[in-house]
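Reading the structure
These are the residues of each chain, in order.
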Amino acid sequence: MSIQSPAATPASLAQLHQLLDAGMALSSTYRGRLSNHLPMAQQALLALGASAQRLQQFTDAQRAVLPPQTPALDTPPAGPQDLGRPERDAAWRAHFATRIAELGAAEALREALLLLLPGAGAIAFHGLIRSAHAVQAGHEGELAAGLAHWAAHFMPQPLQGQGPALELPDWVQTLRALPVPSTPPAGLIADRMWAWSAVPGFSSVAGRLQRGPEALRELALLAARSYAASANFTVLHLLTASHAMAVLQPWWPTPELPPGFVAAAAAGLLASGAEPVWTLASAPVRPWPVLIEAACAQDDAHVIKLTHAAWQLDQRWPDPAWRFAAQRAWAGH
């Protein structure tokens, strides 16, 4: 789908790859533990049909606030002992670049997901999301960077002693009956997710969602409807993370929705504090061309990424909820 005027030159995959090549010099984080959204939004803008000029303008504005990547030091190669160590990001980039060169991108990704999916919520899902955008971009350096971001901020959610599997509404209700953290969670989404994952009972409930063929679709639609009703920022990330899991599905270790993502989704739902919304009231909703054009004009990477995720999920699992979510993101800016 293109939203160009006749005079606009559309962005191209070659342009995106040039920008991603240049982005390898940028850090995966800025202002402490905030994720660099630039490569994710660049790929989303291309997919949404942004012009070459718009893609370059967005890139120039975003690059201005991003620090350079810390150079790789002559240190031991990254390994499992380095999971969750942000200072080892450069070593993890080197590790995944090597595995991609040795195995090819597809097999290296399959291997990486075995290691990383137990910590799917790493830095509030951005390792997962960045890796999925890299797959869609077809850029091996960016894939290594996304996987490294995930590994360096690895955050496994505890799972143990699971009982009978629960349908999504029962699972959500059981989660919401858990006691609140003793210290009110605050700060970044990842910190609030970690606080909720430590409450009594979380580890025995989080993984009990039925993980059959419809699980990801139902979870993503819950996120879309809840976001459309609330504009909750944490729920937004659950929606874009669900899209990322859909992109990566061909490389999942098993056909079922991986339990690490289910547990991270449980922590994200609790951390959001949002009321789950199962149905949306009937209301006017704009068509995709209008929503996409509005998103491409935005400087907020979250609006761009959510619109891209919702648009692609609507192509996979048609439902009005995706457009309602995209419209809510656009209307708030």
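Residues numbered from 1 in each chain as written. Predicted model: local features only at pLDDT ≥ 70, side-chain atom pairs only at ≥ 80, totals over all residues. Heavy atoms only, no water.

**Some points on the environment of Leu128**
Here is the rule: Helix and strand definitions here come from DSSP, where helices need a minimum of 4 consecutive H or I residues and strands a minimum of 2 consecutive E residues; each element is numbered from the N-terminal end. Any residue under 20% of the maximum accessible area for its type is buried, any over 50% is exposed, and the rest in between are partly exposed; the area is computed with a 1.4 Å probe on protein chains only. The criterion used for residue contact is that any of the two residues' heavy atoms lie within 4.5 Å.
With respect to the secondary-structure elements, Leu128 resides in helix H6 (residues 126-137). Leu128 gets classed as buried once you look at its relative accessible area, which sits at 0%. Remark: the alpha-carbon pair of Leu128 and Gln53, spanning 75 residues in sequence, is separated by 28 Å. With residues near it in sequence (within four places) discarded, Leu128 still touches Ala120, Trp150, Ala241, Ala244, Met245, Leu248 and Phe261.

**Describing empty space enclosed by the protein**
To find the voids left in a structure, one rolls a probe of water-molecule size over its atoms. Note the threshold: Lining residues are defined by having an atom within 4 Å of a point belonging to a cavity or pocket. Those points lie on a 1 Å grid over the protein atoms alone, cavities being sets where a 1.4 Å probe fits but cannot get out and pockets being open sets with protein on both sides within 12 Å along at least five of seven lines. Grid points are joined across faces, edges and corners, and a volume is the space filled by probe spheres set on the points. Each residue is assigned to one class: nonpolar for Ala, Val, Leu, Ile, Met, Phe, Trp, Tyr, Cys and Pro, charged for Asp, Glu, Lys and Arg, and polar for all the others, Gly among them.
The full count for this structure, using the stated rule, is one cavity of 30 Å³ or more. Here the largest cavity defines a volume of roughly 50 Å³. Every residue lining the largest cavity is listed: Leu19, Leu20, Gly23, Met24, Leu26, Asn36, Leu38, Pro39, Gln42, Arg130 and Glu142. Elements with a minimum of two residues in the lining of the largest cavity: helix H1 (13-23) and helix H2 (38-48). Along the lines of polarity and charge, the residues of the lining of the largest cavity split into six nonpolar, three polar and two charged.

**So, the layout of surface pockets**
Its boundaries defined by the atoms lining it, the largest pocket holds a volume of some 430 Å³. As for the largest pocket, its lining consists of 24 residues, and the residues nearest its centre are Tyr30, Leu34, Ser35, His37 and His302. At three residues, the largest contribution of residues to the lining of the largest pocket is made by helix H9 (residues 189-197). Tallied by class, the residues present in the lining of the largest pocket amount to twelve nonpolar, eight polar and four charged. Roughly 290 Å³ of internal volume is contained in the second largest pocket. Lining the second largest pocket we find 19 residues, and of these Thr70, Pro86, Glu87, Asp89 and Ala90 sit closest to its centre. Mapped onto the lining of the second largest pocket, the elements with two or more residues apiece are helix H4 (89-103) and helix H7 (140-152).

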